Amino acid sequence: MGVRKDSVVANERGARARHRMSQSSSEPDEELMRALYREHAGPLLAYVLRLVAGDRQRAEDVVQETLIRAWKNAGQLNRATGSVRPWLVTVARRIVIDGHRSRQARPQEVDPSPLEVIPAEDEIDKALWLMTLSDALDDLTPAHREVLVETYFKGRTVNEAAQTLGIPSGTVRSRVFYALRSMKLALEERGVTA
């Protein structure tokens, strides 16, 4: 029974020691952060505001990031002798510089609001244009229409169109010339001007 009692006492002592260590490691960090904030947040904000040309939101973000870095490096700050303000000022200045450099490295962001004013291509206009074009094509002779379809709409060369249509390439050139002239007149009759 003596051994059992000793192990229970030893376990309780270990648990109390771990509890004290966890309290002592978290409380100084929390107290250190409160002290840092009380003593340095105001002057640090004033300093950073000058660095960021009065942009309060950005300055507050920099101060917050600086204090987070101080919290992450609390062990070094606890061991430091004297004021920690020079360390905080240096960190804040570096954060501002890094932010400036990262904005310079990225392309400038553009406000999308002017794009909302630009009208998008209307599908109705496109449909009306295709109807007008189709109607003008119907006014052409079948020979003129088929050379335009082969060369302009299917993207074939004169020689390819000639081979497809089974006519000489010179005839294709001649028909394209007269078909375009007729097409221009047909479109002008419908109110389309170039």
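Residues numbered from 1 in each chain as written. Predicted model: local features only at pLDDT ≥ 70, side-chain atom pairs only at ≥ 80, totals over all residues. Heavy atoms only, no water.

The name an unreviewed UniProt entry gives the chain is RNA polymerase sigma factor, with Streptomyces parvulus as the organism. The UniProt entry for the chain carries this comment under Sequence similarities (unreviewed entry): "Belongs to the sigma-70 factor family. ECF subfamily." (UniProt positions renumbered as here; feature names shortened; annotations may be inferred.)

The next point concerns the overall build of the chain. When you go through the chain residue by residue, the secondary structure sums to 9 helices and 0 strands. Considering only contacts in the chain between residues 6 or more positions apart, those separated by 24 or more positions represent 60%. Carbon and sulfur atoms make up 55% of the accessible area of the chain, which amounts to about 14400 Å² in all. (Helix = DSSP H or I, 4+ residues; strand = E, 2+ residues; numbered from the N terminus. Contact = heavy atoms within 4.5 Å. Areas by Shrake-Rupley, 256 points an atom, 1.4 Å probe, with all protein chains shown as cover.)

Now for the pattern of salt bridges. Enumeration over the complete set of coordinates arrives at 6 salt bridges. Residue D135 is joined to R190 by a salt bridge in which the shortest nitrogen-to-oxygen separation is 2.9 Å. One end of the pair, D135, is in helix α6 (residues 123-138); the other, R190, is in the segment after α9 (169-189), and 55 residues separate them in sequence. The exposure class of D135 is partly exposed, given its relative accessible area of 37%. Here the salt bridges do not stand alone but share partners, grouping D135, D139 and R190 into one network. (Salt bridge = Lys/Arg side-chain N within 4 Å of Asp/Glu carboxyl O. Buried < 20%, exposed > 50% of the residue type's maximum accessible area, 1.4 Å probe, protein only.)

Bringing unusual backbone geometry into the picture now. Of note, A53 is a non-glycine position whose phi angle comes to about 55°, a positive value. With respect to the element layout, A53 can be found in the loop between α1 (2-51) and α2 (56-72).

Time to look at the confidence of the model for the chain. A residue-level look at the chain finds 74% of positions with pLDDT of 70 or above and a mean pLDDT of 77. Put simply, α1 is where the chain has its lowest mean pLDDT, 60, and helix α8 (residues 158-165) is where it has its highest, 93. Considering only residues more than four positions removed or in separate chains, one finds that residues 1-27, a stretch of pLDDT under 50, has 1 contact. (pLDDT = per-residue confidence, 0-100.)

Glancing now at the packing of α6 against α9. It is the contact of α6 with α9, at a shortest axis distance of 9 Å, that shows an interaxial angle of 125°. Considered as vectors, α6 and α9 are oriented oblique to each other. For α6 against α9, the interelement crossing comes out right-handed. Only M183, A186 and L187 of α9 make contact with α6, whose side of the interface consists of W129, T132, L133, A136 and L137. Partitioned by chemical class, the residues of the contact of α6 with α9 number 7 nonpolar, 1 polar and no charged. (Axes fitted to C-alpha atoms, helices over the stretch in contact; angles between N-to-C directions. Parallel < 35°, antiparallel > 145°, perpendicular 65-115°, else oblique. Left-handed = near helix turned anticlockwise from the far one by under 90°. Nonpolar A, V, L, I, M, F, W, Y, C, P; charged D, E, K, R; others polar.)

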